[in-house]
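Structure assessment
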Amino acid sequence: MSETRLEHVEDALRHALDAFLGAPSEGALAPVEEALKAFEAAVREAAGAASSPAGLAAVEQQALRQKGALNQTLRSLGPVPGEWRKVVGAAANRTRAACAEALAQATERLEASGARERSTFDVTLPGRKPFLGRPHVLNQVRDEVVGIFRGMGYSVAENREVEDDHHNFGALNFGPHHPARDAHDTLFVEGGALMRTHTSPVQIRTLESQTEPSPVRMLFPGRVYRAEQIDATHASEFHQVEGLYVDRGVSMAHLKGALSEWARAFFGARTRTRFRPSYFPFTEPSGEMDVSCFRCEGSGRRKTAEGEVRCNLCKGSGWIEILGCGMVHPNVFRAVNYDPEVWTGFAFGMGIERIAMLRYGISDIRHFLESDLNFLEQF
Ligand code: PHE
């Protein structure tokens, strides 16, 4: 800002005015008008250059003060003859109004930039953490299970949750009076359909969908339903991952190899597996796979501050039951028009909730469905 420039134009104005007041004439008027224009330009410039409210107030104070040249000009016009007084008075008033306008604009500009300054955030402050979502713990476990099998060349498919009796039971070699068809286990839908009680019907739908019998190496994750009395370990809807490998010459050794490989990838490289005989209508032979307990490393004992105690995860046995499995039953191949003399395969199925509960020490299956962030944010 140039106060000196303003002082300078004030002097020039006083000078021109003095000359005019001494002998009003057209010739003496021109320098006055010019001096007024110079005064206005100086105020405009100073106001535009002001970078703070205080600086702007100083410009205003200087330009429009009572004893400033502009106000003096207006006051000194009393003795001037009427015609001239009008002309000079109007010019001085125009200058005054223009200066006031320039000052008002400058005030606005400063206020706007001041607001901007106040809202500018401090980049050195730690950021506010945005709320980040994440996959549900069940989806995390599912993706991990599936990911390991993908690495072994399996692909993934999903299929319907509302099934018919044929796909959920009949084609899977459940005899007409098998207890799993009992209304106490199966949730029926109007019109004879039912909520699938396991992911095994996707085996049937997948084999059926091949235009001609051909190898299959797939995983079928999904939700299943049972008419359960709900408690800490039973829910009426839960999740499974099913696996199916069909080809020529598939043996039990392939089954054990693939599942043991998966168990080591999922539970840790030192994990051992064991296969016990079991029964499922759609596999023969059928088995359960146990893994060595990942809490006590299979010893059944755990060291605590009070000495050695029984491992509470495997109940001291050193083994944890993880999944059901078996070689695809010839009747399943027949149901989907695969020649059982040519085709062989293995299948397995595991419960996601069960695996998540074992791994994370979750004591109640109902947590998974409750959408309680205090629970979900732990995973
Ligand atoms: N479908 C069986 C169950 O729900 C699990 C299973 C799948 C067993 C595939 C063997 C082969 O218990």
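Criteria and cut-off values
The written sequence of each chain sets the order in which its residues are numbered from 1. Reporting of local features is limited, given that this is a predicted model, to residues whose pLDDT is at least 70; pairs of side-chain atoms are given and counted only at 80 or more, and all residues count toward the totals for whole chains, interfaces and linings. Think of the side-chain values as coming from all heavy atoms in the structure, minus any hydrogens and water. Near is defined per residue: the residue qualifies when any heavy atom it owns lies within 4 Å of the molecule or strand. Within 3.5 Å is the distance limit for a polar contact, defined as a pair of N or O atoms, with the added protein rule that one can donate a hydrogen and the other accept it, and that residues adjacent in sequence qualify only through two side-chain atoms. Here the open area of atoms and residues is found with the Shrake-Rupley method and a 1.4 Å probe, where only the protein chains shown may cover a residue. Should DSSP find at least two bridges between two strands, the strands are regarded as paired. Numbered from the N terminus, helices here are DSSP runs of H or I no shorter than four residues, and strands are runs of E no shorter than two. The criterion used for residue contact is that any of the two residues' heavy atoms lie within 4.5 Å. Every angle, taken between N-to-C directions, lies between 0 and 180 degrees, and every axis is a line fitted to C-alpha atoms, over only the stretch in contact when it is a helix. What makes a salt bridge here is a side-chain nitrogen of Lys or Arg within 4 Å of a carboxyl oxygen of Asp or Glu, nothing more. Where each domain starts and ends follows an automatic or database-derived domain assignment.

Around the ligand, 14 residues are found, and the nearest of them are His198, Ser200, Arg226, Gln240 and Glu242. Between the ligand and the protein, one listed contact pairs a nitrogen atom with a side-chain N or O atom of Ser200 at 3.0 Å. Between the ligand and Arg226, the relevant distance is 3.2 Å, taken from an oxygen atom to a side-chain nitrogen or oxygen of the residue. Relative to its free-state accessible area of 330 Å², the ligand is covered by the protein chains to the extent of 88%.

A few words now on the sheet that holds strand S10 (residues 319-328). Strand order across the open sheet formed by 7 strands is S1-S4-S5-S11-S10-S7-S6, with mixed pairing between neighbours. Either end of the sheet is taken by a strand with one partner, and the two such strands are strand S1 (155-156) and strand S6 (273-280). Of the strand pairs in this sheet, S6 and strand S7 (residues 283-292) are connected by 7 bridges, and their pairing is antiparallel. Among the inter-strand pairings, Pro277 is bridged to a residue of S7, identified as Gly287. Sitting on the sheet, helix H9 (residues 252-267) touches S6, S7, S10 and strand S11 (344-351), and the angle it makes with S10 is about 150°.

Applying the stated criterion across every chain, the model contains 17 salt bridges. A salt bridge links Asp11 to Arg14, with the shortest nitrogen-to-oxygen separation between them at 3.4 Å. Of this pair, Asp11 and Arg14 both sit in helix H1 (residues 3-22), 3 residues apart, which is roughly one turn of that helix. Ionic contacts of the salt-bridge type, sharing partners, join the residues Arg274, Arg276, Asp290 and Glu321 into one network.

Before going further, it helps to examine the domain arrangement of the chain. In terms of domain boundaries, the chain breaks down into domain 1 (3-119) and domain 2 (137-376). A straight line from the C-alpha centre of domain 1 to that of domain 2 covers 91 Å.

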